[in-house]
Each structure stands twice: as structure tokens, then as C-alpha cells.
Amino acid sequence: MRLKIRHKIVSLFIPRLLREIGAWARSFADGDFSRRISLSARDEIEELADSLNSMSRQVQSRMEEFIADKSRLEAVFLSMFDGVMVIDQSGEIVLMNQSLKEFLQVDSTVTGKKPLEVIRNIDIQELAERVLTSHSRLESREITFLFPEERVLLAHATPVLRADTIDGAVLVFHDITGLRRLEKVRQDFVANVSHELRTPVSTIRGYAETLLEGALEDKAHAREFLRIIYDDAERLSKLINDLLDLSRVESGKMKLALEECSLEAVVDKVLTGMDREARKNSVTLKKEIPPRLARIKIDEAAIAQVLFNLAENAIKYNNAGGSVTIAARETDRGVEVSVTDTGIGIPQEDIPRIFERFYRVDKARSRDLGGTGLGLSIVKHIIQAHHGEVMVESRPGGGSTFRFTLPKAL
């Protein structure tokens, strides 16, 4: 009788148990690891339920840890400044972070495609293929992109190994455009300085040797030779002084002594200092300063150097009978100063580069006039140190106007 009763209880309990386990299994398969099997029997079946519930809790804990780790990894991956691309063992893209997409202007779906399908650059495709087929731990290559502008990337590719088998690769891209540009600037600077120094030094040495070999006795020629030596020594001195000034302003070591002063007083000093040069070149100097112009807060010596450099260029590259005008007006940004000439002007293609070190529009004429090619670069850096900006308007044969702003005194 007891066996029959027990058999009847079990026959009623088993279907409910199976339904409970079935519902738990379906939730487990759907990714819901929080469901538990609820049984009240005190026998082996309850032990089975406890084992399944324990397994569910462990799987749930592992999945939560995995999701948290995945979220952290994705956050790091997406926020990296460097570009990152992950490819699988077949060479197809698995992931590409936003930095790389923006840099290469990729706006389409990249998953499942070869790098060459997404980025029209054979170097990246070759790098990806090489790292998947070689046993090297690291492959590196410098890659140049010409669109939308010339940029240089340093790409590092490393394989993803699983059980000594290459399961894919990670490619990291560093933007080294600025570094390469600085290297070129340094190389050009050294080359330009060497060239600028070589000419006057060779001239001084040549005429000095001529004098020592007997030309000193020829009074007429000796005086001319000495004048040439003196002029080239002056040119060397000016070049060295300009290099020192440029070094100070570019390195940030130039300490501005900001004081409240009158712009007109600074302009008067510059015009007085340039009067002789202007008369020698048959150029008229003019001043257009409003009588009640706001006072400014500047480093007077530095701004005087700016005006001197601009006025000197305006006189040198002017026409006989031309004029140079220094003017000023108040604006919302401060006091705008302009230096306008009626000279030969600047071609439009040269305007973006005229503030570069040693850049000359007319190289032959610049050297004949004693220019170092550093004056406008010094002007730009001094005005930037005053939190201003230099602008230029010019056309060939129509003269030039240089404008810059200065802060008002409070």
C-alpha cells in the first residue's frame, strides 16, 4: 500500500519537476541566468535541483564579469586616440575604433571586409597579410595618406595567438605627421642657415685674402673691398641677431614687459628711425593715428621691432615715389594696426608661406637688399605672444597691407 502511495506521489511530482527544469533550461538558453528551480522534495531530486541552481548562479556570475570586462574593453578601445583595427585569421575586419574611422574618413560598415575594401591603401593590406602569414611578433610600417590631406601614420601590427596558432591580428596606427613635419622644418632650417652664412663668409674671406695679397696698397680698390667686407659683416650680424630673436620668441623664453603706453609714441619712434632709409629709396612715410585712440598694453620694444620689420620691408619692396602708411583704429578686439605700402605686392600663391622662416618671394632681390628671411616670422611670433594675429592683403603690383591687433589697456 505504501509503495503504491509513494509511486502515485512520484508520478504526480515528476511531471512538475520536468516542467520546472524545462522552463529553467529555456530561460538558461535565452540568456536569463537568474531563474531558479523551486522544489520542496527532500531526496535526490532536490539535490539535482540544487546542483542546477548552483550551476546557474556560477554561470550568471561569470557572465556578469564577462559583460563588465567587455564593456570596459570596448570603452578603452573606442576612446583611444590612436587608431586601432582588429582582423580575424582570414584577414577580415572584426573591429575598427572611431579614431581610425574619423582619421581615414570611413563611414560605411567595415565588419567582414578586407582592409583594402575599406581603406584604399595597399600598404595597410600588405601589412595585414604579412602579420597573418609570418611568425613575427611585430610588424611596423610608415604609411603616407594623400587624401583628404597628406598625413603620415606609423602602423604596428601584432598577431593574436591561440595555442600557437595565429587567430587574427591587431593593428595600431599612430599619427606622426606633426613629427615628420618638424623634422623637415629642422632640416630646412639647418640648410637655410648654412646657406645664408656661407655667402657672406665666403665674400669676407675672399676680399680679405685679396687685400692681404697686395690689393691693400691699391687705395681705390682697397676702400671698395673694405666696404664690401663691412656690408657682409653687417649682414652676418643682422642674421645672427634675427636668429637669436626668433629663438627667444619661438621657445617661449621671451618675457614680455607689458606696460600701458600710447601707440602713436611707438609709431613716431619707428618712423624717425626709418626716415633715412625711406629718403634713400625715395619713399614717403605717413602716419594715420586718430587723436583719441585708446591706450594699449604692450611690450613697447617688441612692438617697435614688429613695426620696424614691417616698415623696413614696405620700404625695400616699394617703388620710387611710393609711400608707406602706418595707421590704427579701434575695434571690438582691441586696437588694429596696419602697415600699407604701394610697392610690388605679393603673388597669391606666396601669401600662405610668407611668415615661414627664410621664405622669400623674390630670393635674388631679397639677398641684394640685405634681407634675412626671418623678419616676418619674428613679427608673427611677437604678435601671437600678445594674443593677437597677423593678416596680410596683397596683389602683384598693387602693394601690400599687413594688419595685426593689440590689446587695449584696462
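Residues numbered from 1 in each chain as written. Predicted model: local features only at pLDDT ≥ 70, side-chain atom pairs only at ≥ 80, totals over all residues. Heavy atoms only, no water.

1. Re the nonpolar core
The cut-off we apply is this: In plain words, nonpolar cores are sets of buried Ala, Val, Leu, Ile, Met, Phe, Trp, Tyr and Cys residues tied together by side-chain atoms within 4.5 Å. For every residue, the accessible area (1.4 Å probe, protein chains only) is compared with the maximum for its type, and the residue is labelled buried under 20%, exposed over 50%, or partly exposed between those bounds. Only heavy atoms matter for contacts: two residues are in contact if any of them lie within 4.5 Å across the pair.
Formed by 49 residues in total, the largest nonpolar core has its most connected members in Leu263, Leu307, Phe402, Phe404 and Leu406. Not counting chain neighbours up to four residues away, the residues in contact with phenylalanine 402 comprise Leu310, Val337, Ser338, Val339, Ile346, Ile354, Phe355, Leu376, Val390, Met391 and Val392. Core analysis: the next-biggest nonpolar cluster, separate from the first, contains 24 residues, Ile119, Ala128, Ala155 and Ile166 among them.

2. Topic: the sheet that holds strand β12 (residues 400–406)
Cut-off, in case you're wondering: Here a strand pair is declared whenever DSSP counts at least two bridges between the two strands. The way it works is that DSSP assigns letters per residue, a run of H or I at least four long becomes a helix, a run of E at least two long becomes a strand, and they are numbered from the N terminus. Fitted lines through C-alpha atoms serve as axes, helices being fitted only where they are in contact, and the angles separating the N-to-C directions of these axes extend from 0 to 180 degrees.
As summarised here, the arrangement of the five strands in space is β7-β9-β10-β12-β11, forming an open sheet in which the pairing is mixed. Among the strands making up the open sheet, the edge pair consists of β7 (284–288) and β11 (390–394). Each adjacent strand pair in this sheet contributes to an overall mean axis angle of 15 degrees, direction not counted. One ladder, built from eight bridges, connects strand β9 (residues 323–331) with strand β10 (residues 334–341); its direction is antiparallel.

3. Notes on helix α9 (residues 300–316)
One turn of an α-helix holds 3.6 residues; hence residues three or four places apart share an orientation. As a reminder, the rule being used: Here the expected span of a helix is defined as 1.5 Å times the quantity of residues minus one. Contacts described as polar in this section are N or O atom pairs within 3.5 Å, which, within protein, must combine one atom able to donate a hydrogen with one able to accept it, while residues neighboring in sequence count only if both atoms come from side chains.
Helix length check: α9 (17 residues) gives 24 Å between terminal C-alpha atoms against 24 Å at 1.5 Å per residue, within 8%. The backbone nitrogen of alanine 301 lies 3.2 Å from a side-chain oxygen of the residue at the head of α9, namely aspartate 299.

4. Points about the pattern of salt bridges
Rule in force here: Any Lys or Arg side-chain nitrogen located within 4 Å of an Asp or Glu carboxyl oxygen qualifies as a salt bridge.
One pass over the structure, following the stated rule, counts 22 salt bridges. Between aspartate 167 and arginine 162 there is a salt bridge, and its shortest N-O distance comes to 3.5 Å. Residue classification places aspartate 167 among the partly exposed residues on the basis of a relative accessible area of 27%. A salt bridge links aspartate 275 to arginine 279; the shortest N-O distance between them is 2.9 Å. Residue aspartate 275 and its partner arginine 279 are located together in helix α8 (residues 263–280), separated by four residues, close to a single helical turn. Judged by its relative accessible area of 33%, aspartate 275 is partly exposed.

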